[in-house]
Amino acid sequence: MVYRSAFPVQNEEDYFKIMLTMNANKYVNVGGLCNLIYGRGQYQYQSSNMLNGGFWATYTGKKYEIVSSVMFNSFKNRENGGIVDNRYITDPMSVIGASSIQARNIPVNLTNSQSQYRNFNYFFNHRYKIGKYVKHTTKGMLGEDSTYTEYVPIMTFTHTFHAEDVARKYVDESMPSGFYDYNFFSDTYTKDSTAYWTIANTFAVTLEEKFNRLMRFGLSAYVKYDVRHYGMGIKNREDTLRFDNSYSHNLIFCANLFKREGKWVKYDVGGRIYLVGPHIGEFDLDGRFDFDFNIGREPLSIMAIAGFRNYSEYHQYRYYESNHFKWSDLDFKNSLALDIKGRIGLPKRDISVGVQFQNLTNYVYLNEQCQPAQYEGNVQVLAVDLLAKLRAWRFHLDVQAVYQLTSNKDVLPLPDVALYGNFYYKDKFFKVLTVQIGASVRYHTEYYGNAYMPALGQFYLQKDVLIGNYPEMNVYANFHLKTVRFFVQYYHLNKGLFGGTNYLSMPNYPINPGTFQFGLSWNFWE
């Protein structure tokens with residue numbers, strides 16, 4: 001069970017989570033969870049609430065296994081369209097003649113708008129394993145022999161059924177002039193909706209790693225058939241003005257070669273291709289290799305990942321119609337994506353360095369007019385990162401640092417540097433109470449971060465407002481007593497003290513002002 005909240009009360013954010021899981025016997029497990037979030041918002045017309053949860057059941061036998069789950073999500077968010085002028089944050093003196101203003105008093109663009117999201121997900125997987133019983137002999141503490149029998153799977157047959165239903169609705173009854181570039185159907189009321197559902201069946205055959213004693217590797221192949229539905233609707237206060245449905249049938253083949261057991265080397269290489277449907281011929285290939293060995297007494301781990309994709313954008317990027325946005329029959333070329341990652345680490349010292357290179361060809365994005373566009377060329381991104389957990393006595397410093405370069409900031413803008421640091425003191429008192437007291441900070445350099453369009457729930461390019469060059473600092477204390485965890489935190493401590501005033505997460509959307517937060521987590525064992 002988890003509960004989190006914040007002060008002041010009029011702007012508090014509440015989070016409640018409860019999860020129950022139990023074993024009926026050594027084969028059967030059932031459980032459920034529920035998450036509830038309600039935030040009143042620090043700024044005007046910014047409240048949000050979310051309810052999600054689900055149930056699951058599993059059966060794990062020697063030869064037969066079942067995993068089944070039902071999950072749901074419901075999210076409602078008041079859309080305020082951001083504050084009307086960034087200077088209320090960056091330079092309030094020029095707007096109101098004072099050095100600061102309360103967040104609740106800053107005017108916003110939208111006063112009666114809301115986004116609603118709904119998701120339902122059902123998953124069922126069952127597998128049957130063909131294998132053999134193998135006897136093992138071990139030595140006891142007194143030197144006596146003992147034997148036990150293990151069922152070793154050699155071949156596995158798997159079937160998976162998956163159904164998902166997703167919907168989004170956007171309602172605006174305020175409709176301020178100048179916020180939207182176009183009102184195609186109504187100047188006073190917006191009620192746009194999009195929907196997506198899919199039903200999929202997957203059949204797989206796997207030769208487990210132990211099927212071959214000479215060369216230990218596994219092979220798997222599967223065929224997936226799915227039906228997908230895309231829907232769009234436009235309504236006014238009385239009638240449905242437009243409604244559009246689109247369906248597709250897809251057949252996908254996939255194969256994998258893998259080695260997931262062993263001490264020194266592990267790998268997983270595979271690919272998939274569309275055989276039937278609007279995406280016919282599109283494919284992706286990927287591979288991952290993990291190496292673990294010692295240099296002297298020092299463990300060393302190396303990870304390498306590579307992938308290549310040939311894909312087209314999903315339905316709404318080619319055809320979409322609503323009260324404020326409209327595009328159709330966009331003839332985009334297929335996009336190509338090459339992704340190469342590598343990481344080398346010293347697990348014993350909690351230090352690792354990673355590098356990533358990505359090349360995007362025919363990259364599709366939302367331009368400054370919030371319309372889909374394609375860059376018919378190559379865009380490269382190179383990133384180098386450091387992860388380190390340093391310790392001296394009872395003092396700890398966790399560091400994450402990223403340096404990245406993009407070859408075309410006009411199409412794919414990124415900050416050059418992003419940093420996260422967490423410095424804390426950690427100790428155990430009375431042999432049972434673990435205490436952690438510290439401060440964390442996040443920072444990234446300035447860049448033209450994407451803007452947000454609430455009518456689409458999407459981000460698009462902009463070149464008017466620089467975002468970043470501002471540290472966000474928190475101080476906190478964590479306590480852990482047996483099965484109980486408790487924390488207190490003051491979020492955004494440095495507001496008004498140091499770091500400047502450019503605390504925007506994106507254009508017209510400032511991060512929350514200083515807030516006192518607390519939470520409790522309690523595990524009950526039976």
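Residues numbered from 1 in each chain as written. Predicted model: local features only at pLDDT ≥ 70, side-chain atom pairs only at ≥ 80, totals over all residues. Heavy atoms only, no water.

## Details of the overall build of the chain
Point 1. The helix and strand inventory of the chain stands at three helices and 28 strands.
Point 2. Principal-axis analysis of the C-alpha atoms places the extent of the chain at approximately 85 × 65 × 50 Å.
Point 3. Here the chain, with 526 residues, has 38% of them falling under the buried criterion.
Point 4. Partitioning the intrachain contacts of the chain with sequence separation of at least 6 by distance along the chain shows that 60% fall at a separation of at least 24.
Point 5. As displayed, the chain has an accessible area near 29,600 Å², and 58% of this comes from carbon and sulfur atoms. (Helix = DSSP H or I, 4+ residues; strand = E, 2+ residues; numbered from the N terminus. Buried < 20%, exposed > 50% of the residue type's maximum accessible area, 1.4 Å probe, protein only. Contact = heavy atoms within 4.5 Å. Areas by Shrake-Rupley, 256 points an atom, 1.4 Å probe, with all protein chains shown as cover.)

## Considerations on the environment of Q356
Point 1. The residue Q356 is located in strand β17 (residues 351–366) in this model.
Point 2. When the C-alpha atoms of Q356 and L382 are compared, they prove to be 5.8 Å apart, with 26 residues separating the residues in sequence.
Point 3. Excluding residues within four positions of it along the chain, Q356 makes contact with D339, I340, K341, V381, L382 and A383.

## Re the side chain of H315
Point 1. Following the sequence through the fold, H315 ends up in helix α3 (residues 315–318).
Point 2. The buried category is assigned to H315, whose relative accessible area is 14%.
Point 3. Apart from the residues within four sequence positions on either side, H315 is in contact with Y230, M232, D244 and S246.

## Some remarks on the nonpolar core
Point 1. By size, the foremost hydrophobic cluster in this structure holds 19 residues, and its most contacted members are Y180, F325, C370, M453 and L456.
Point 2. Mapped onto this core, the elements with two or more residues apiece are β17 and β22 (451–453).
Point 3. Leaving out residues up to four positions away in the same chain, F325 has contacts with F184, Y320, Q369, C370, Q371, M453, A455 and L456.
Point 4. Of all hydrophobic cores here, the second largest spans 14 residues; its members include V465, Y470, L504 and I511. (Core = buried A, V, L, I, M, F, W, Y, C linked by side-chain atoms within 4.5 Å.)

## What about unusual backbone geometry?
Point 1. Of note, the phi angle at Y45 is positive, near 50°, even though the residue is not glycine.
Point 2. Although it is not a glycine, F430 sits at a positive phi angle of roughly 55°.
Point 3. Relative to the assigned elements, F430 resides in the loop between β20 (417–429) and β21 (433–444).
Point 4. Residue classification places F430 among the exposed residues on the basis of a relative accessible area of 73%.

## Some words on a positive patch on the surface
Point 1. A contiguous patch of positive charge, built from R391, K426, K428 and R485, is present on the exposed surface.
Point 2. You can see K426 is positioned in strand β20. (Patch = residues over 30% accessible without salt bridge, like charges linked within 9 Å, V, L, I, M, F, W, Y side chains within 5 Å. Salt bridge = Lys/Arg side-chain N within 4 Å of Asp/Glu carboxyl O. Lys, Arg positive; Asp, Glu negative; His and termini not counted. Charge placed at Lys NZ, Arg CZ, Asp CG, Glu CD.)

## As for the pairing of strand β1 (residues 2–7)
On a regular strand, each side chain points to the face opposite its neighbour's, so the side chains alternate between the two faces of the sheet.
Point 1. Note that β1 and strand β28 (residues 515–522) share six bridges and pair antiparallel. Pairing of V2 across the sheet is with S521, part of β28.
Point 2. By the bridge criterion, three bridges tie β1 to strand β2 (residues 13–23) in an arrangement that is antiparallel. Bridge pairing in β2 places R4 opposite Y15.
Point 3. Counting the residues that bridge the hairpin from β1 to β2 gives five residues. (Pairing = 2+ DSSP bridges.)

## Some remarks on the pairing of strand β24 (residues 472–481)
Point 1. Pairing between β21 and β24: 10 bridges, direction antiparallel. In the strand pairing of β24, R442 is matched with E472.
Point 2. Counted between consecutive antiparallel strands, the loop separating β24 from strand β25 (residues 484–491) contains two residues, among which K482 sits at a positive phi close to 55°.

## Quick notes on the pattern of salt bridges
When their charged atoms lie close together, side chains carrying opposite charge are able to pair.
Point 1. Evaluated as defined, the whole model comprises 16 salt bridges.
Point 2. Close ionic contact of R228 with D226 constitutes a salt bridge, the shortest N to O distance being 3.0 Å. One exposure class covers both R228 and D226, and it is buried.
Point 3. Of the charged contacts in the structure, one is a salt bridge between D427 and R394, with a shortest N-O distance of 2.9 Å. In this pair, D427 sits in strand β20 while R394 sits in the loop between β18 (372–392) and β19 (395–406), placing the two residues 33 residues apart along the sequence.

## Examining the packing of aromatic side chains
Point 1. Applying the stated criterion to the full structure yields 23 aromatic pairs.
Point 2. Ring geometry for Y314 versus Y317: centroids 5.2 Å apart, planes at 90°, classification edge-to-face.
Point 3. For Y317, a relative accessible area of 13% translates into the label buried.
Point 4. An aromatic cluster of three or more residues is present, and its members are W393, F395, F423 and Y425.
Point 5. Over the face of the ring belonging to F258 we find R260, whose NZ or CZ atom lies 3.8 Å from the ring centre.
Point 6. Looking at K326, its charged tip hangs above the ring of F184, at a distance of 4.5 Å from the centre. (Phe/Tyr/Trp six-rings, centres within 6.5 Å; stacked < 30°, edge-to-face > 60°. Lys NZ or Arg CZ within 6 Å of the ring centre and 35° of its normal.)

## Description of the environment of Y3
Point 1. Within the fold, Y3 resides in strand β1.
Point 2. A relative accessible area of 34% means that Y3 is categorised as partly exposed.
Point 3. Setting aside residues no more than four positions away along its own chain, Y3 makes contact with E12, D14, Y15, F16, F518, G519 and L520.
Point 4. A distance of 3.0 Å separates a polar atom in the side chain of Y3 from a polar atom in the side chain of D14. (Polar contact = N/O pair within 3.5 Å; in protein donor to acceptor, adjacent residues only side chain to side chain.)

So yeah, pure geometry; function would need other evidence.
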